[in-house]
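For reference, the chains in residue letters:
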Amino acid sequence: MARSAFWASGCIVAVLAEHQGSGVLIGRSTVLTCAHVVGAADTIRVAVPGSSGERVCQLLWSDHGLDAALLHITQKPEAPALLPRMSTLATDRPVADCEIIGFPRVQRYGGGHRLDLDQYTGTILPMAGLIRRMMVFEFDRPPASEPADGTSPLAGLSGSPVFADEGLLGIVQKVPRGRGHQRVECLPLQTLAMNQGFLEAYGASTGHSPPRLTELSSPAINDLRFEREYAEAVGAAYRRTRIFGLDELSKRDSEWDLDTAYVSLEARPRQGGSHDSPGPLPHVPVAPELPEAGGAVASVPKRIDDLLAGRPRVLLRGEAGAGKTTLMWWLAAHASAGTLGPRLDQLNGLVPFVVPLRTLRARGGTFPTPSQLHSVAQLTADDPPEGWAGRVLKAGRALLLLDGLDEMPKHDREEAHEWLSGLLARFPGTRCVVTVRPLAVEPDWLKSEGFEELSLLPMTGADIHAFVAAWHRAARLDGDDGENLDDLERDLAQQFAQNRTLSDLARTPLLCAVICALHRLRQGFLPETRWALYQSALQMLLGNRDKRRKIDAPEGISMTVEEHLQLLQRIAVWLVRGGQAEFTREQALHQLKRALPGMPRVREQGTPEDALNHLLNRSGLLQERGDDDFQFAHRTFQDFLAAKEFVEGRPHPGGAEARP
């Protein structure tokens with residue numbers, strides 16, 4: 001098996017009770033083992049590999065008929081394990097390359113007083129124990145010679161987990177007679193999943209219902225191998241991010257770990273009847289928190305992590321730059337890696353399908369079928385086994401993340417509604433998060449599909465403080481003068497505390513990052529209005545960016561700030577009028593060809609293709625999302641530039657707008 005034994009060892013414990021046995025963590029503090037190992041012991045302890053000392057356990061449930069018991073570790077392990085996927089066999093054919101890991105007597109050392117893990121490979125024989133509802137595991141080779149005293153060399157292995165790849169199928173119970181220690185009989189998880197006592201005890205210990213068992217067969221085991229590759233591809237795509245301002249002021253072109261920039265923001269469930277509008281988000285000052293205007297009593301805001309935990313389907317509203325896409329990336333990266341904390345641990349191990357809706361619109365494609373879900377985000381991964389996505393969805397192991405519903409035209413949103421409704425009706429166990437701007441769709445738009453609505457709130461004073469600290473921490477990682485950054489960070493924190501206007505401008509992560517960058521560039525002096533803030537940000541990006549980096553017109557074109565803005569505004573206003581956020585090279589060239597006749601200085605330097613290459617490579621405002629898919633670095637800048645174009649009312653060559 002390609003599965004890492006190091007991964008598995010983190011969830012396996014030695015159980016020290018009436019007998020010494022083994023056990024497996026099926027919750028962060030919940031151990032499954034055999035009832036005969038616990039026996040009538042007054043004190044139950046477990047030893048967790050990689051943790052110092054032993055942990056005292058409470059007996060939650062025991063069934064001697066099933067020979068199974070659940071323990072709760074009263075002191076949590078130092079490092080929570082990456083938990084195995086609870087599974088069941090869906091085949092009557094032998095399943096090879098399975099393994100058992102535990103603490104048998106034969107593996108003891110130090111004079112027989114110290115325990116160590118042992119690992120056995122073998123084949124599960126589904127038909128061998130079918131009538132008795134046992135799972136039979138046959139070793140690939142004899143596990144050990146029988147000791148002279150006649151005891152089993154496998155003593156201590158009771159309660160050990162049985163794995164098929166990363167799927168936990170059951171626990172070892174006993175060694176049958178007459179088989180020369182070549183077989184062990186095991187309790188399958190499928191039997192436990194039908195026991196009411198087990199279900200109640202599991203819920204009491206973890207606070208959750210047991211997950212649906214993943215069905216394993218030979219194809220499904222190939223699925224698990226592919227999912228490791230897919231998880232790596234998700235991590236590569238979404239675990240790194242650019243932090244606004246740092247890539248413009250940085251000594252190196254680089255990306256930062258997403259967690260460096262991620263701040264868990266507050267959100268609030270939508271209140272009131274079906275006709276209530278979310279309305280504008282309230283002001284949240286940096287000074288002590290104030291009640292809402294009018295003294296209205298509203299639900300207490302909570303961190304988005306807490307609100308997502310108990311809601312399998314969420315429509316998340318948030319204004320531009322509020323961190324919606326960052327949240328989706330963060331969920332995808334951590335869910336696939338199994339590293340979400342206790343509040344969201346039910347998402348660990350789910351398979352994330354990220355669907356950037358703006359990309360669908362730009363490509364002019366249809367909504368994906370189940371087999372196409374993995375490819376929409378253009379991850380660097382091989383093709384999955386045939387039928388893989390359908391099996392993931394059917395098993396309820398999918399985390400569907402639809403980002404940017406507002407970035408589709410209104411008629412396309414209704415088509416998206418129909419597509420999503422059909423998909424969820426076919427696969428009702430799918431968890432789903434959809435992001436949208438506050439007023440892009442009416443309240444309860446997805447209520448019939450079981451969605452609850454949450455609204456991201458403006459950053460609080462504590463959030464702004466945390467974000468400023470994270471931004472400057474990333475700047476220090478870039479190798480900048482730490483002492484100067486310390487002074488700038490303290491000065492900016494003081495300005496936020498004393499200037500309500502400034503704190504209002506920093507209500508979203510994007511604008512807070514803009515302020516951090518401008519504060520650093522201007523050594524403490526900041527614009528005082530949102531319009532001036534955007535203007536200053538564009539000056540920073542378009543004005544002296546290449547000069548600071550000592551780059552001299554590598555595309556053979558140089559532009560003033562105003563010339564940059566003219567061309568970028570032209571593309572932005574066309575996107576807004578068309579209700580989209582992404583464009584192809586051909587579409588951009590069409591817009592530039594219409595704009596360049598009125599810009600002789602730029603036209604004389606090169607072709608429209610040269611001008612487009614310059615904007616893509618040098619402006620810092622456009623980025624490539626895939627093959628021939630481009631967009632503004634953030635939707636906020638697209639909207640600002642379009643609004644600026646509308647305000648200025650610049651006549652467009654060639655008359656009315658036309659879509660190519």
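What you are looking at is a predicted structure, and each value in this text was computed from that prediction instead of being measured. For every chain, the first residue of the written sequence is number 1, and numbering continues from 1 onward in sequence order. Since the coordinates come from a predicted model, pLDDT governs what is reported: local features require at least 70, and pairs of side-chain atoms require 80 or more to be given and counted, while whole-chain, interface and lining totals use all residues. The basis for the side-chain values is all heavy atoms of the structure; hydrogens and waters are excluded.

Participant: Would you mind going over the overall build of the chain with me for this structure?
Facilitator: For the purposes of this entry, the term helix denotes a DSSP run of H or I that reaches at least four residues, the term strand denotes a run of E that reaches at least two, and both are numbered from the N terminus. Of regular secondary structure, the chain possesses 23 helices and 26 strands. Summary of the burial criterion: residues with accessible area below 20% of their type's maximum are buried, those above 50% are exposed, and those between are partly exposed, where the area comes from a 1.4 Å probe applied to protein chains only. For the chain, the residues scored as buried account for 54% of the 660 residues in total. Throughout, a contact is declared for two residues whenever any of their heavy atoms are within 4.5 Å. Sequence-distant contacts in the chain: of pairs separated by 6 or more residues, those separated by 24 or more amount to 70%. Within the structure as shown, the chain displays about 28,400 Å² of accessible surface, and the carbon and sulfur contribution to it stands at 50%. Only the protein chains shown count as covering a residue, and every accessible area follows the Shrake-Rupley method with a 1.4 Å probe.

Participant: Is there a simple way to explain the sheet that holds strand β2 (residues 20-27) in this structure?
Facilitator: Backbone hydrogen bonds are what pair the strands of a sheet, in a parallel or an antiparallel way. Each pair of strands is called paired provided DSSP finds at least two bridges between the two strands. One closed barrel holds the six strands; their spatial order is β1-β2-β3-β6-β5-β4, and the pairing between them is antiparallel. Taking the axes of each pair of neighbouring strands and ignoring which way they run, one obtains an average angle of 40 degrees across the sheet. Where strand β1 (residues 12-16) and β2 come together, five bridges link them in antiparallel fashion. By the bridge assignment for β2, A14 is matched with S22. Between N-to-C directions, angles span 0 to 180 degrees; the directions come from axes that are lines fitted to C-alpha atoms, helices contributing only their stretch in contact. Across the sheet, helix α4 (residues 196-206) is in contact with β2, β3 (30-33), β5 (54-63) and β6 (68-73); its angle to β5 comes to roughly 150 degrees.

Participant: I tried to follow the packing of aromatic side chains on my own but got confused; where do I start?
Facilitator: The description of an aromatic ring pair uses the distance of the two centres, along with the angle that the planes make with each other. Pairing of aromatic rings covers Phe, Tyr and the six-membered ring of Trp, with a centre-to-centre limit of 6.5 Å; geometry is then stacked below 30 degrees between planes, edge-to-face above 60, and tilted otherwise. Counted according to the given criterion, the structure contains 14 aromatic pairs. On the numbers, 6.2 Å between centres and 40 degrees between planes, the contact of F198 with Y202 is tilted. Separated by four residues within a single helix, F198 and Y202 lie in helix α4, roughly one turn from each other. On the basis of relative accessibility, which here comes to 2%, the residue F198 falls in the buried class. Looking at Y202, the relative accessible area reads 6%, which means it is buried. Between F583 and F630, the ring centres sit 6.0 Å apart and the planes meet at 25 degrees, which makes this aromatic pair stacked. On the criterion of sequence distance, the pair formed by F583 in strand β24 (residues 582-583) and F630 in strand β26 (residues 629-632) is long-range, its members being 47 residues apart. Neither residue differs from the other here; F583 and F630 are each classed as buried. Members of the aromatic cluster, connected to one another through ring pairs, are F226, Y230, F353 and W388.

Participant: Please explain helix α19 (residues 561-578) as it appears in this structure.
Facilitator: A turn of α-helix holds 3.6 residues, and therefore any two residues three or four places apart point the same way. Here, expected helix span is obtained from the residue count minus one, scaled by 1.5 Å. A rise of 1.5 Å per residue sets the reference length of α19, with its 18 residues, at 26 Å; its end C-alpha atoms lie 26 Å apart and thus fit the reference within 8%. Most of α19 is tucked away: 15 of the 18 residues are buried. Note on α19: the residue one or two positions beyond its end, G579, has a positive phi of about 65 degrees.

Participant: I tried to follow unusual backbone geometry on my own but got confused; where do I start?
Facilitator: The general pattern is negative phi for most residues beyond glycine and trans for most peptide bonds. For R133, which is not a glycine, the phi torsion comes out positive at approximately 55 degrees. Within the secondary structure layout, R133 lies in the loop between β9 (118-125) and β10 (135-139). If you check the backbone angles, Q523 has positive phi at about 55 degrees while not being a glycine. Note on placement: Q523 falls in the loop between α16 (509-521) and α17 (530-542).

Participant: What is the right way to read the pattern of salt bridges from this model?
Facilitator: Oppositely charged side chains can pair when the atoms bearing their charge come close. A side-chain nitrogen of Lys or Arg and a carboxyl oxygen of Asp or Glu constitute a salt bridge if their distance falls within 4 Å. In total, this model carries 20 salt bridges according to the counting rule given. With its nearest N and O atoms 2.9 Å apart, the salt bridge here joins E138 to R183. On the criterion of sequence distance, the pair formed by E138 in strand β10 and R183 in strand β13 (residues 183-188) is long-range, its members being 45 residues apart. On the basis of relative accessible area, R183 is assigned to the buried category, the value being 15%. In this structure, D463 and R303 form a salt bridge, with 2.7 Å as the shortest nitrogen-oxygen distance. Of this pair, D463 sits in helix α13 (residues 461-477) while R303 sits in strand β18 (residues 302-303), and the two are 160 residues apart along the sequence. Taking the relative accessible area as the measure of exposure, D463 reaches 3% and is therefore buried. Taken together, the shared-partner salt bridges in this structure form one network comprising R270, R317, D444 and E453.

Participant: So what exactly am I meant to see when it comes to the sheet that holds strand β17 (residues 266-269) here?
Facilitator: In spatial order, the strands read β18-β17-β23-β19-β22-β21-β20; together these seven strands make up an open sheet with mixed pairing. Both outer strands of the open sheet, β18 and β20 (351-356), are each paired with one neighbouring strand and no more. Pairing of strand β19 (residues 313-317) with strand β22 (residues 431-436) involves five bridges; the strand directions are parallel. The residue of β22 that forms the bridge with L315 is V434.

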